[in-house]
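Residue strings, one per chain:
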Amino acid sequence: MPAAGAPLAVFLVASLKRAARLRCGEQLHALAAKSGLLASNAFVRNSVLASYSRLPASLGLDPAHQLFDETPPPLRDAAARNTLLAALARAGAHHLDRAEVLLAEMGPGQRDAVSYTTVVTGLARAGRVGRAVAVFRGMLREPVPPNEVTLAGVITALALACHRTPASVGMVHGIAVRRGLDGFVVVGTNLVHAYAAVSDLACARAVFDGMPDQNTVTWNAMLNGYIKAGMMDMAAELFWRIQERDVVSWSTMIRGYIHADRLPEAIKAYVLMVGEVDANGSEVLLVDLVKVCARHSAVAQGQQLHTVILKNGFDAHSFVQATLIHFYGCCGLIGLAQMQFRLSDKSHVASWNALMAALLRRDLVHEARQLFDGMPERDIISWSTLISGYVQSGHPDMALQLFCSMRSAGVEPNEVTLASALSAVAYAGTLDQGRWIHDYIINRSIRLTDSLSAGLIDMYAKRGSIADAVQLFNHIYDQFSSVSPWNAMICSLAIHGHAHMSLDLFSQLLGTKIKPDSITFVGVLNACCHAGMVAEGKHHFGSMREFGIQPTIKHYGCMVDLLGRAGYLEEAEQLVAMMPMKADVVIWGSILSAARAQGNVALGEKAAQELAKLDQSHGASKVTLSNIYADAGRWSNVSVVRQELHDENFERLTGSSGIVR
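What this report covers is the structure whose coordinates are included nearby. All values reported here derive from a predicted model rather than from experimental measurement.

Reading the values: rules and limits
Residues numbered from 1 in each chain as written. Predicted model: local features only at pLDDT ≥ 70, side-chain atom pairs only at ≥ 80, totals over all residues. Heavy atoms only, no water. 1 Å grid on protein atoms, 1.4 Å probe; cavity = no way out; pocket = protein on both sides within 12 Å on 5 of 7 lines; lining within 4 Å. Points joined across faces, edges and corners; volume = space filled by probe spheres on them. Helix = DSSP H or I, 4+ residues; strand = E, 2+ residues; numbered from the N terminus. Nonpolar A, V, L, I, M, F, W, Y, C, P; charged D, E, K, R; others polar. Axes fitted to C-alpha atoms, helices over the stretch in contact; angles between N-to-C directions. Parallel < 35°, antiparallel > 145°, perpendicular 65-115°, else oblique. Left-handed = near helix turned anticlockwise from the far one by under 90°. Contact = heavy atoms within 4.5 Å. Salt bridge = Lys/Arg side-chain N within 4 Å of Asp/Glu carboxyl O. Buried < 20%, exposed > 50% of the residue type's maximum accessible area, 1.4 Å probe, protein only. Phe/Tyr/Trp six-rings, centres within 6.5 Å; stacked < 30°, edge-to-face > 60°. Expected span 1.5 Å × (residues − 1). Arc of directions from axis to C-beta. Disulfide = S-S within 2.5 Å. Lys, Arg positive; Asp, Glu negative; His and termini not counted. Polar contact = N/O pair within 3.5 Å; in protein donor to acceptor, adjacent residues only side chain to side chain.

With the rule as written, the count across this model stands at one cavity of 30 Å³ or more. The calculated volume of the largest cavity comes to roughly 40 Å³. In terms of lining, the largest cavity is formed by R45, N46, L49, L67, F68, T71 and A80. Those elements giving two or more residues to the lining of the largest cavity turn out to be α4 (42-54) and α5 (57-70). If you tally residues by element for the lining of the largest cavity, the top one is α4, at three residues. Broken down by class, the residue content of the lining of the largest cavity amounts to four nonpolar, two polar and one charged.

Here you go:
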């Protein structure tokens, strides 16, 4: 109770400001009502309303609403309405409709900058961009000048918009300049962020440089803009100019290096962060750093980060445990991966999946299957990992069996599972199985990604239905965003002998925004090889560097095969001599075949010798050399080679068929 002589109204207002619990607020509310001050004193009434509004929405919003509704309309002043508006805005997205209704019910003289700002910022935070901008436009139609907080809310909304454009941000920027609000730090910072969000880094930097004052948040907004645009050099230049770098500054820069896959800079920045701001970073940042160490097999750096994780107790998180298992698996340290698994929480499937992937990466398929069979529960990643592992290790039949088991268990495949299943069908399945997967994708309305499209085209081609592959490609080619489906079609047409169609398709690809890659040129050179198009093959081989592609041994192999088939043996031999890498069994095999076709005994002998160096058990090369000698009538040499074959006891494998028994 108030001290003797102290006015009750003053006591109530002061007590209501300190009230932090619903029960306390209700008692003071009752006292105000009993004394008559609730009806007669607007200051006391608004203090009761504000007390309820400060409480969590689940406790205070209903009594605040009730008090406001019980107040006669003539007594509902601007302060009361703004207090309730603020409570509704803080209460979450599902109360914003009521806030807009309340704003509309307020008369023109009652709506002020606080009213509009409260609703605009609430809508912006909830992601209702269109409504936030609409309310702001309504504000501009009235003689209510927006303040810096209003503009900051509108700018935030525009930065979050799905269809945001530089023009929309520029419109609000113009209003800020005309109203003289662009000098406020909060407005300038939000403009920098909004321009960066619409990829207009030039305007973002112009606003940044023109600000009279900048705080660390402003610098971080500009830094984040450069990093999201992939402009790491500009980001680094800006970062080292920040006077007061905080944890956000460092984390943003480190994540930029991680995204750019620049491990040394990321690690260096992390070490400097620990020394400057005395912070080890969050568990999420450490996990991201460990992942990039895994990509680079950086064992020492990854283990140092593991130590930091242990010291901070972050290893209690299941996603951290799974990442550590993944790291050791990628580095080939299976023993440490297994030890980390034993220390992890076995109730989380992510750790099981990480160890299984590590085992498959080392081609330990049997051990991976044992782990899979022993899992207490499996998710779609578990099934997909093992199915993909079977395909990559050359066991497509086992992959298909596991896929069928997954379907029998009622587990719905995802894109990764279906792509792996299509690869398995392409190598060991039937056309009907492939068509079943295609129908499944259509019937379940699964989005046909580039990966699935390429898998379907490859499957149809390998299962002998090139017509289905072409039909599918023609139906969806305008939806592709990457080169992989184009590669699948170009390579399939080349392998099936449709060289001109393959090259025509390559020309179509060059007319799109999609750039060819290394695999594209393997298909193109194969097409030239099958059609004997030497000039075209030379042209395409020479044009690879124009696309920033360095020829690999596969490209050289295609060119050697092309030249050899066309009879240009000397040129083929010269190409082998000038290759930046050593020729492999495939290339010398092509030379040997071409030498036999052209009756070039000397070159055939050289190719056979090189093959023997690479693979002493390569009996096929000696058989071909024997045939070269026979074609040349050098029977004594034939006898010598055949005796070598007999002495070395090369086994001739019995032919078999999967169709005829």
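Resuming the write-up.
Between helix α1 (residues 8-18) and α4, the shortest axis-to-axis distance is 9 Å and the interhelical angle comes to 15 degrees. Looking at the two axes, α1 sits roughly parallel to α4. For the crossing formed where α1 meets α4, the hand is left-handed. Contact residues: α1 offers A9, L12, V13, L16 and K17, while α4 offers F43, V44, S47, V48, S51 and R54.

In a structure, side chains of opposite charge can pair up when their charged atoms sit close to one another. Tallying each qualifying case throughout the model produces 18 salt bridges. D261 serves as the salt-bridge partner of R295, at 3.2 Å between the closest nitrogen and oxygen. Separated by 34 residues along the polypeptide, R295 in helix α18 (residues 283-295) and D261 in the loop between α16 (247-259) and α17 (263-277) bring together distant segments of the chain. Under the relative-accessibility criterion, D261 is labelled partly exposed at 34%. Between E412 and R407 there is a salt bridge, and its shortest N-O distance comes to 3.7 Å. Note on R407: relative accessible area 24%, which makes it partly exposed.

With that out of the way, let us pick up the environment of M106. Along the chain, M106 falls in the loop between α7 (96-105) and α8 (113-125). Judged by its relative accessible area of 1%, M106 is buried. Put simply, M106 and R76 are 30 residues apart on the chain and 9.7 Å apart in space, counted from C-alpha to C-alpha. For M106, the contacting residues outside a window of four places in its chain are R81, N82, L85, R111 and S115.

The subject of this paragraph is the packing of aromatic side chains. The geometry of an aromatic ring pair is captured by two quantities: the separation of the ring centres and the angle between the planes. According to the stated counting rule, one finds 17 aromatic pairs in the structure shown. When the ring of W436 is compared with that of Y440, the centres are 5.4 Å apart and the planes differ by 25 degrees; the resulting orientation is stacked. One end of the pair is W436 and the other is Y440, both in helix α27 (residues 431-443) and four residues apart, which spans about a single turn. According to the relative accessible area criterion, Y440 is buried, its value standing at 6%. Geometrically, the ring pair formed by F521 and F547 is tilted, given 5.7 Å between the ring centres and 50 degrees between the ring planes. Within this pair, whereas F521 is found in helix α32 (residues 518-531), its partner F547 is found in the loop between α33 (534-543) and α34 (553-565), the two being separated by 26 residues in sequence. Using a relative accessible area of 0% as the deciding quantity, one classes F521 as buried.

Next up on the list: helix α19 (residues 299-311). The terminal C-alpha atoms of α19, which comprises 13 residues, lie 18 Å apart, in line with the 18 Å expected from a rise of 1.5 Å per residue. Of all the residues in α19, the buried ones are G302, L305, H306, V308 and I309. Across the axial projection of α19, the buried residues extend over an arc of 160 degrees, all falling on one side. Turned more than 90 degrees away from the buried face of α19 sit Q304 and K311, all of them exposed. In this structure, the buried residues of α19 make contact with α17, α18, α20 (318-330) and α21 (334-343). Just past α19, the residue G313 takes up positive phi, approximately 75 degrees.

Attention now moves to the layout of surface pockets. Looking at the largest pocket, its volume works out to about 530 Å³. Around the largest pocket sit 21 residues that line it, and S423, Y427, A454, D458 and K462 are the ones nearest its centre. Going through the elements one at a time, α24 (380-392), α26 (415-428), α28 (450-462) and α30 (484-495) are the ones with two or more residues in the lining of the largest pocket.

All told, the structure shown has zero disulfides when counted by the stated rule. Between C491, a cysteine without a disulfide, and C558, which holds the nearest cysteine sulfur, the sulfur-to-sulfur distance is 9.1 Å. Looking at C558, it has no disulfide partner, and the nearest cysteine sulfur is the one in C529, 6.8 Å off.

Now for the packing of α34 against helix α36 (residues 585-598). Helices that pack against each other are described as a pair by the angle of their axes relative to one another and the distance between those axes. At a minimum axis separation of 9 Å, α34 and α36 run at an interaxial angle of 0 degrees. Classified by the angle their axes make, α34 and α36 are roughly parallel. Contacts between α34 and α36 involve I553, Y556, G557, V560, D561 and G564 from the former and I587, S590, I591 and A594 from the latter. Along the lines of polarity and charge, the residues of the contact of α34 with α36 split into six nonpolar, three polar and one charged.

Turning our eyes to something else, we now look at the side chain of R76. Checked against the element boundaries, R76 lands in the loop between α5 and α6 (78-90). The buried charged residue R76 lacks any salt bridge, with D69 as its nearest oppositely charged partner at 4.8 Å. In this structure the side chain of R76 is engaged in a polar contact, spanning 3.2 Å, whose partner is the backbone oxygen of F68.

Moving on, we come to unusual backbone geometry. You will see that S297, though not glycine, has its phi angle at about 50 degrees, which is positive. Residue placement: S297 occurs in the loop between α18 and α19. Even without glycine at this site, S445 takes up a positive phi of about 55 degrees.

All right, on to the environment of C404 then. Relative to the helices and strands, C404 is located in helix α25 (residues 396-408). Separated by 17 residues in sequence, C404 and A421 place their C-alpha atoms 9.7 Å apart.

This next bit is on the environment of A86. Within the fold, A86 resides in helix α6. The spacing of A86 and P73 is 13 residues in sequence and 19 Å in space, taken between C-alpha atoms.

Moving on, we get to α5. Residue pairs three or four apart in sequence face the same way in an α-helix, which turns once every 3.6 residues. With 14 residues, α5 should reach 20 Å at 1.5 Å per residue; the first-to-last C-alpha distance of 19 Å fits that figure. When α5 is considered as a whole, its buried residues turn out to be G60, L61, P63, A64, H65, L67 and F68. Buried positions along α5 lie against α2 (22-35), α3 (37-40), α4, α6 and α7.

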